[in-house]
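Listed below, chain by chain, are the residues.
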Amino acid sequence: MLPEFNLTRPSTLTEALEILAAEPQAQPIAGGTNLIVDMRSGKLAPATLVDIGGLQELCCIREKDVHLLIDAGVTIAELLDDPMIARDAPILQVMARSFANTLIRNRATVGGNLVNAAPCSDTAPALLVLDAEVELMSTSGVRKLPLDEFLVGAFETRRQPSELLTSVRVPIPPGGARMAFEKMGLRKISCMAKVDVAVRVDVDDAGIVRNARIAVGAASAAALRVPKAEEALVGAVPAEQGLKGEQRLGEGIEEAVRLVGETVEPRPGSEYKRQAVRGITRRLLSSLLRRDLRANDAKGNHGKGSSPGGLGGEGV
Amino acid sequence: MGRTAIHLTVNGRRHEVSLSANTTLLTALRDLGYTDVKNGCEIGECGACAVFLNGEAVNSCMVLAHQADGAEIVTNAGLGTMKDPHPIQEAFADAGAIQCGFCTPGMVISTKALLDRNPNPTEGEIRTALSGNLCRCTGYGQIVAGVRLAAQRLQQSASSPASASSQSEEGQEPASEKRVLASGEQEKAGGDSK
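The structure displayed is predicted, hence computed values, not measured ones.

**Considerations on the overall build of chain A**
At step 1: From N to C terminus, chain A includes twelve helices and 14 strands.
At step 2: Over its C-alpha trace chain A gives a radius of gyration of 20 Å, about what one expects of a compact globule, namely 20 Å for 316 residues.
At step 3: When burial is assessed residue by residue, chain A has 53% of its 316 residues classed as buried.
At step 4: In chain A, the proportion of contacts linking residues at least 24 apart, taken out of those at least 6 apart, comes to 65%.

Okay, structure coming up:
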């Protein structure tokens, strides 16, 4: 039995924000896939729930200017079906396929996963490499925050109690962007991440890495980017351009791997995570930057949204 | 805390019920007599409580009944009956995909969600689609076989509509329009044991 609470069911976003302004301790609920569990276990006992699950204003994916806008109420399953996500941010689909299971994905929302801010959030690392921003709204206005500033720690964000996370803005990556995501869990699927690694490299027309992003989830209090490791990759030349840059490429990858390993929070029993993060990062970077040299691994594992051999990355 | 009225349409039948805010859809459905919806873990791990909520397969234990106000819900028993089973239910029975039966209603819901979108799934796709449904007896092999058999039969009946769901060994009559069950006259479907 769930504890008792008052439930309000606003029919518009404005109404929802007014309720939160009047009663900041009220707890928004959408898919409920974390909240109901926490309420049942007694971890949370909010006096008032505000059901924002059905709000029309929060359920779209659209393109505006050079951004993808993903409303907070978009479900993980909807990411899998959307052609704009498939084209511009396929890493979100690889992530979504590894997210919990099919029943949960039909309820769990992008906004809910970010606001819940579990260290093992799968959406966070994938969105971090896309340079996502979150939009927070209250009766007094709207503000935008880069996702890495929004995420503060375990179950901790910069959302004020009177604010709702309303949407996620993703700058549409350039054409030469290559992305990969891999999740390691205790099972192949329907599990929480022990480690998530998300990687993106933007290769320009001359075949040089101009921009790189690496984010790690479930290995620290909040998912985080590793800027130094990203820098180590800038200027590298993917192997298909010929072998002249091979030494530089190898050094870049190994330096990035080393630096990513350092981000793992040292906790008892977590040494395996450091090794896993290194191994997965090396594998993902190799798959993105050494495509032609690893043709045997090529079956659907390369380019945007690839997940080479990932446990839970591409399903079973 | 007070109770307020909501409307639920379950397997085609409309209900008006007064429920407290903390009632889950799972509890509401079982209290209405839809006991084919099983109460397993209540934390979204096992999938025994899976139903279609406005066409999406979800765990009813994680939906507040009030969040489903006005929604269309279809449970396993809404798909077919003992006399007139859905091809998926029939295939599960024929393949021995049922042992204790507790997970079966949820398995059937997830199977239908899969086959509606992907009529000819691979074994990997089947296992992925059923990843939110736990079975503790069969070892999953027979369940995967049951889904395959269902897919085969549904594809055959799609290519020859006259023989729809008449592929079982019993040589049943072709399925007529599925009869909607009222909650008071529920038949047990798919090895329902509770």
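Okay, back to it.
**Description of the overall build of chain B**
At step 1: The number of helices and strands found in chain B is six helices and five strands.
At step 2: Each helix (α) and strand (β) of chain B, taken in turn from the N terminus, gives the series β-β-α-β-β-β-α-α-α-α-α.
At step 3: Among the 194 residues that make up chain B, the fraction classed as buried is 48%.

**Some details on the packing of helix α4 (residues 104-117) of chain B against helix α6 (residues 141-159) of chain B**
Residues and elements named next belong to chain B.
At step 1: Where α4 contacts α6, the axes come no closer than 11 Å and their chain directions differ by 45°. By the criterion of interaxial angle, the relationship of α4 to α6 is oblique. Helix-helix and strand crossings are classified by hand; for α4 and α6 the assignment is right-handed. On α6, the residues that touch Met107, Thr111 and Leu115 of α4 are Ile143, Val147, Ala150, Ala151 and Leu154.

**Here's the deal with the sheet that holds strand β6 (residues 133-138) of chain A**
All names here are of chain A.
At step 1: The strand order across the open sheet formed by five strands is β4-β5-β10-β6-β7, and the pairing between neighbours is antiparallel. Here the strands that pair on one side only, and so sit at the sheet edges, are β4 (61-64) and β7 (141-146). For this sheet, the mean inter-axis angle between neighbouring strands, taken without regard to orientation, is 25°.
At step 2: Bridge count for β6 against β7 is six bridges, and the pairing is antiparallel. Looking at β7, one finds that Glu133 is bridged to Pro146.
At step 3: The strands touched by helix α1 (residues 13-22) are β6 and β10 (164-171); relative to β6, the strand with the most contacts, the crossing angle is about 70°.

**As for α4 of chain B**
Along an α-helix, residues three or four apart share an orientation, since each turn contains 3.6 residues.
Residue and element names in this part refer to chain B.
At step 1: The terminal C-alpha atoms of α4, which comprises 14 residues, lie 20 Å apart, in line with the 20 Å expected from a rise of 1.5 Å per residue.
At step 2: Here α4 lies mainly inside the structure; twelve of its 14 residues are buried.
At step 3: Among all positions of α4, only Thr104, Pro105, Gly106, Met107, Val108, Ile109, Ser110, Thr111, Lys112, Ala113, Leu114 and Leu115 are buried.

**A word on the interface of chain A and chain B**
Interfaces are often sized by the accessible area lost when the parts come together.
At step 1: The interface is formed by 24 residues belonging to chain A together with 26 residues belonging to chain B.
At step 2: At the level of elements, β1 (6-8), α2 (35-41) and α6 (102-105) of chain A are the ones that each hand at least two residues to the side of chain A that touches chain B.
At step 3: Of the residues that constitute the side of chain A that touches chain B, the class distribution is ten nonpolar, nine polar and five charged.

**Observations regarding the domain arrangement of chain B**
All names here are of chain B.
At step 1: The domain boundaries assigned to chain B delineate domain 1 (3-78) and domain 2 (81-174).
At step 2: Relative to domain 2, the C-alpha centre of domain 1 lies at a distance of 23 Å.
At step 3: In this complex, domain 1 contributes 14 residues to the contact, which on the side of domain 2 involves eleven residues.
At step 4: Take the side of domain 1 that touches domain 2: its biggest share by element is three residues, from strand β3 (residues 50-53).
At step 5: Residues belonging to the side of domain 1 that touches domain 2 are distributed by class as follows: eight nonpolar, three polar and three charged.

**Here we look at the nonpolar core**
At step 1: Core analysis: the largest hydrophobic core is formed by 150 residues, its most contacted members being Ile91, Val129 and Val199 of chain A together with Val51 of chain B.
At step 2: Once residues within four sequence positions are removed from consideration, Val51 of chain B is found in contact with Leu29, Val37, Val58, Ser60, Ile73, Val74, Thr75 and Ile109 of chain B.

**So, the sheet that holds β3 of chain B**
Strand pairing within a sheet occurs via backbone hydrogen bonds; the two strands may be parallel or antiparallel.
Residues and elements named next belong to chain B.
At step 1: With mixed pairing, five strands are arranged side by side in an open sheet as β2-β1-β5-β3-β4. Unpaired on one side and paired on the other, β2 (13-20) and β4 (56-59) mark the two borders of the sheet. Neighbour-to-neighbour, the strand axes of the sheet open up by a mean angle of 40°, direction not taken into account.
At step 2: Against the sheet, α4 contacts β3 and β4, and its axis sits at roughly 45° relative to β3.

**Things to note about unusual backbone geometry**
Excluding glycine, residues mostly carry a negative phi; peptide bonds, for their part, are mostly trans.
At step 1: Located in the positive-phi region is Asp131 of chain A, a residue other than glycine, with phi close to 60°.
At step 2: Unlike most non-glycine residues, Asn11 of chain B shows phi in positive territory, near 50°.
At step 3: Here Asn11 of chain B shows up in the loop between β1 (3-10) and β2.

**Structural notes on the pairing of β2 of chain B**
All names here are of chain B.
At step 1: In terms of strand pairing, β1 meets β2 through eight bridges, oriented antiparallel. Looking across to β2, one finds that Ala5 is bridged to Ser18.
At step 2: The hairpin turn running from β1 into β2, its antiparallel successor, is two residues long, and Asn11 in that turn takes a positive phi close to 50°.

**Notes on the domain arrangement of chain A**
Residues and elements named next belong to chain A.
At step 1: Along its sequence, chain A is organised into domain 1 (6-51), domain 2 (56-171) and domain 3 (177-297).
At step 2: Relative to domain 2, the C-alpha centre of domain 1 lies at a distance of 18 Å.
At step 3: Listed per partner, the contact involves 14 residues of domain 1 and 17 residues of domain 2.
At step 4: Per element, the largest residue contribution to the side of domain 1 that touches domain 2 is six residues, and it comes from α1.
At step 5: The residue makeup of the side of domain 1 that touches domain 2, split by class, is eight nonpolar, five polar and one charged.

**Some remarks on helix α5 (residues 91-98) of chain A**
All names here are of chain A.
At step 1: Within α5, eight of the eight residues are buried, leaving the element largely enclosed by the surrounding structure.
At step 2: All buried positions along α5 are accounted for by Ile91, Leu92, Gln93, Val94, Met95, Ala96, Arg97 and Ser98.
At step 3: Turning to α5, the residues buried within the fold contact α3 (76-81), α4 (83-88), α6, α8 (123-128), β11 (177-185) and β12 (193-203).

**Some details on the environment of Thr35 of chain B**
Residue and element names in this part refer to chain B.
At step 1: Position of Thr35 relative to the elements: it lies in the loop between α1 (25-31) and β3.
At step 2: With 18 C-beta atoms packed within 10 Å, Thr35 lands in the partly exposed category.
At step 3: The spatial distance from the C-alpha of Thr35 to the C-alpha of Gln152 is 29 Å, given a sequence separation of 117 residues.

Parameters at a glance
- Residues numbered from 1 in each chain as written.
- Chains lettered and ligands numbered in written order.
- Predicted model: local features only at pLDDT ≥ 70, side-chain atom pairs only at ≥ 80, totals over all residues.
- Helix = DSSP H or I, 4+ residues; strand = E, 2+ residues; numbered from the N terminus.
- Rg over C-alpha atoms; globule rule 2.2 N^0.38 Å.
- Buried ≥ 20, exposed ≤ 12 C-beta atoms within 10 Å, placed from the backbone.
- Contact = placed C-beta atoms within 7 Å.
- Axes fitted to C-alpha atoms, helices over the stretch in contact; angles between N-to-C directions.
- Parallel < 35°, antiparallel > 145°, perpendicular 65-115°, else oblique.
- Left-handed = near helix turned anticlockwise from the far one by under 90°.
- Pairing = 2+ DSSP bridges.
- Expected span 1.5 Å × (residues − 1).
- Nonpolar A, V, L, I, M, F, W, Y, C, P; charged D, E, K, R; others polar.
- Domains from an automatic or database assignment.
- Core = buried A, V, L, I, M, F, W, Y, C linked by C-beta atoms within 7 Å.

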